[in-house]
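So you can see what is in the structure, the chains are spelled out below.
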Amino acid sequence: GKCTIIVGSGINHWYHSNLNYRTAITGLILCGCVGVNGGGLNHYTGQEKVAPEAAWKSIAFALDWIGHPRLQNAPSFHYVHCDQWRYDPPDKDAAVLGYSHPLDVQVNSVRMGWLPFFPQFNRNTIELVREAEQAGARGELEITDWLVRQLRQKQVRFAVEDPDAPENWPRVWYIWRGNALLSSAKGHEYFLRHYLGTGSNAVADECDGSAVKEARRPQPAPEGKFDLLIDINFRMDSSALYSDVILPTATWYEKSDMNTTDLHSFIHPLSEAVPPCWESKTDWEIFKLIAKKVSALSRVHFPGPFKDIVATPLGHDTSREISQPEVKDWYRGECEPVPGKTMPAFSVVERDYGNLSNQFVSYGHRERDEGMAERGIRWDIEDLYFEFMKGAPTTTWNGKSYLSLAEAKEAANVLLQFAPETNGEVAYRGFKSLETVVGRPLADLAEPYRSVRRSYDDLAAQPRRILTSPCWSGITNGGRAYAPFCINVERLVPWRTLTGRQHFYIDHAGYIDAGESLPTFKSKIGLQESRDLEKSGRTGKSLVINCITPHGKWHIHSTYYDNLIMLTLSRGVEPFWLNTEDARQIGVKDNDWIEVYNDNGVIVTRAAVSVRVPRGVGIFYHAPERTISFPKSPMRSNKRGGGTNSITRIRLKPVLMMGGYAQLSFAFNAWGPPAGDRDTYTIVRKLEGKPAF
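Every value quoted in this text rests on a predicted model; they were computed, and no experiment measured them.

**Q** Outline the pairing of strand S9 (residues 306–312), supporting the account with residue identities and numerical values.
**A** Of all seven residues that make up S9, five are buried, and the element is covered over most of its length. Inspection of the sheet shows S9 paired to strand S10 (residues 345–351) by seven bridges, in the antiparallel sense. Paired with Thr-312 across the bridge in S10 is Ala-345.

**Q** Would you mind going over the side chain of Arg-649 in detail, with residue names and values included?
**A** Along the polypeptide, Arg-649 turns up in the loop between strand S23 (639–640) and strand S24 (679–686). On the basis of relative accessibility, which here comes to 5%, the residue Arg-649 falls in the buried class. A polar atom in the side chain of Arg-649 sits 2.8 Å from the side chain of Asp-88. In this structure the side chain of Arg-649 is engaged in a polar contact, spanning 3.3 Å, whose partner is the side chain of Asn-600.

**Q** Can you tell me about a nonpolar patch on the surface, naming the residues and giving the values?
**A** Taken together, the side chains of Phe-504, Tyr-505, Ile-512 and Leu-518 present a nonpolar region at the surface, about 440 Å² in accessible area. The topology assignment puts Phe-504 in the loop between helix H16 (486–490) and helix H17 (509–514).

**Q** Got a sec to walk through the sheet that holds strand S15 (residues 400–404)? Specific residues and values, please.
**A** In space, the three strands of this open sheet follow the order S11-S15-S14, with antiparallel pairing throughout. The open sheet has two edge strands with one neighbour each: strand S11 (362–363) and strand S14 (394–397). With four bridges joining them, S14 and S15 adopt antiparallel strand pairing. Looking across to S15, one finds that Thr-394 is bridged to Leu-403. The strands touched by helix H12 (residues 382–389) within the sheet are S11, S14 and S15, with S15 carrying the most contacts at an inclination of about 80°.

**Q** Account for the confidence of the model for the chain, naming residues and giving values.
**A** Put simply, the chain has an average pLDDT of 87, and 90% of its residues get 70 or more. Per-residue pLDDT, averaged within each element of the chain, yields its smallest value for helix H1 (residues 21–30) (49) and its largest for helix H20 (residues 580–585) (98). When the criterion is pLDDT under 50, residues 9–26 qualifies, and its contacts beyond four places in sequence or with other chains add up to 102 contacts. The model gives residues 38–50 a pLDDT under 50, and that stretch makes 59 contacts with residues more than four places away or in other chains.

**Q** How would you summarise the packing of aromatic side chains if you had to cite specific residues and measurements?
**A** Under the counting rule described, the total for this entry stands at 26 aromatic pairs. With a centroid separation of 4.7 Å and 80° between ring planes, the pair formed by Tyr-195 and Phe-226 is classed as edge-to-face. Taken together, the residues Tyr-195 in helix H7 (residues 188–196) and Phe-226 in the loop between H7 and strand S5 (228–233) connect sequence positions 31 residues apart. Overall, the relative accessible area of 10% leaves Phe-226 in the buried class. Each member of the aromatic cluster is reached from another via a ring pair, and the members are Tyr-363, Tyr-385, Phe-386, Phe-388 and Phe-418. Above the face of the Tyr-331 ring, Arg-111 is positioned so that its terminal group lies 3.6 Å from the ring centre. Over the ring of Trp-472 we find Arg-375; its NZ or CZ atom is 4.3 Å from the centre of that ring.

So, how was this worked out
- Residues numbered from 1 in each chain as written.
- Predicted model: local features only at pLDDT ≥ 70, side-chain atom pairs only at ≥ 80, totals over all residues.
- Heavy atoms only, no water.
- Buried < 20%, exposed > 50% of the residue type's maximum accessible area, 1.4 Å probe, protein only.
- Helix = DSSP H or I, 4+ residues; strand = E, 2+ residues; numbered from the N terminus.
- Pairing = 2+ DSSP bridges.
- Polar contact = N/O pair within 3.5 Å; in protein donor to acceptor, adjacent residues only side chain to side chain.
- Patch = residues over 30% accessible without salt bridge, like charges linked within 9 Å, V, L, I, M, F, W, Y side chains within 5 Å.
- Areas by Shrake-Rupley, 256 points an atom, 1.4 Å probe, with all protein chains shown as cover.
- Salt bridge = Lys/Arg side-chain N within 4 Å of Asp/Glu carboxyl O.
- Contact = heavy atoms within 4.5 Å.
- Axes fitted to C-alpha atoms, helices over the stretch in contact; angles between N-to-C directions.
- pLDDT = per-residue confidence, 0-100.
- Phe/Tyr/Trp six-rings, centres within 6.5 Å; stacked < 30°, edge-to-face > 60°.
- Lys NZ or Arg CZ within 6 Å of the ring centre and 35° of its normal.

Printed below as a string of structure tokens:
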């Protein structure tokens, strides 16, 4: 009951697979588990995704059943839980709002309702509701008032204030469709040490901890927090190597799904050309089976339903995003703790574990009854629901009938039916709602397409373009190519910012403290500030360089780069690129084996020497696997060298933890602190002797 299950957290391009994200998230969110998104928030800031967003979120996040999913950005989650904060000294950039360490800023942001964090509290949230009811609380408001009093009196604490207490550890990790333990794990070696308790190539020392004021720092640092690691994967990647259980899943050509990409106006089907091979199953079937087993066990060991309480940050596109014009901290006594205004909002939801399997394969009635919402607007779908139900597959349980999601194609058709990007009537209703918000005529953008309906079979016959949607700012009418902000410029719809315009000045107290209220030049982290080479000394002919790990420019960044043809094209390894003069200085020739190391870890690979690389810079492209062609490292006691993120750590930028203020408010995969993108200092030297595998 006190364990945390996280799902995802390695999915950088989370919107590519619209349908099957339901498989990874919904069943577990119905249990109250945590969905953690990939690479980092702000990964796509400044551009848009044209996925069927409203309907997609409904299916992905179980909004058809529960309106308050537990969602969090991955960088904050992993920075705290895999203890990388312990290796950070006081940070001059963290000197905002009176704090000097990134963890303190993170703690403050959670208490203020600016960022989510899970687990939420140092107590099980179902038990908290029970205790509130035993104290006489009845209904959501009274339960929330009781919890606020407990927080104020410090009888209950936020888990982020004591992240290394055993009751606050994450315990079970479902990794779905991502290489979360390597290509997405900045600070890979710290993941191995503190999450899994395995051997690690990191040699960095923890800081003394004196800069951390808002969180407990017990000694020693825990290692091996996770009890169970489950990887749902179609290949043997680095995450699978470390997993306790691998559930083999279907590839793109063995299942039914849908695909969209950013700034692309087509929705593509993925059709089952051949059945899943051997024992593999589709994502949909895997999570259906998990849900079925959880339901069966719950009826015996954990019968319900139960009431649960969920903390929700002050979200973008809600009235709460302007609830804090001034930064006043209830925890410091500067104001009253008011849920949804000066602290997170709290909602009481029902968990029905015994019917988890039924809920997973049924499209619930919540949005039918309350309407669908996205980007601050809401539209009714009740009549469309019943109209669609006449010809669509249904399921009945507990005396009620629901649209069926039992098969992947059925779920795809439900998504397409209620998405404004694929249902012209839904788009029209969304624009009518948006008109009431902005006071501008907009419904004419959807009027000619009100009769359009897309189905999965339509897509299978021919990929179809999206319709102009109230959820996005492009205009695609008449075959026009998608481009963002057309609606803002041409139809005078305000930007979703404090001023309604694109503006530069941000008068949030945290930005003012950081000297970033206007666009400000910040120099890169210096060698001493990085603390990446405090214990890693130079030996023999060696060179200190600034190492970066960008996405593909001179190579292929592909899931399938490790097949024999691709390996032949890339020397059989992912090479490390060096400048010609830098290589000559340390006696390295093209294709020599080299060691690249720092306090965080080590890479052993071949050198690619080129005049195209600037002096003082090394390039190791994202994202090679630890599964092939990585020799052992003499510098690290003959432990095997790692991949891209073996030499990195997470670094959180404090101003990106600010919130509760218009466009600075949290939104899943849109606003929050990303991890600094793989920029570090390393030492490079020629490998001694022959490589040992």
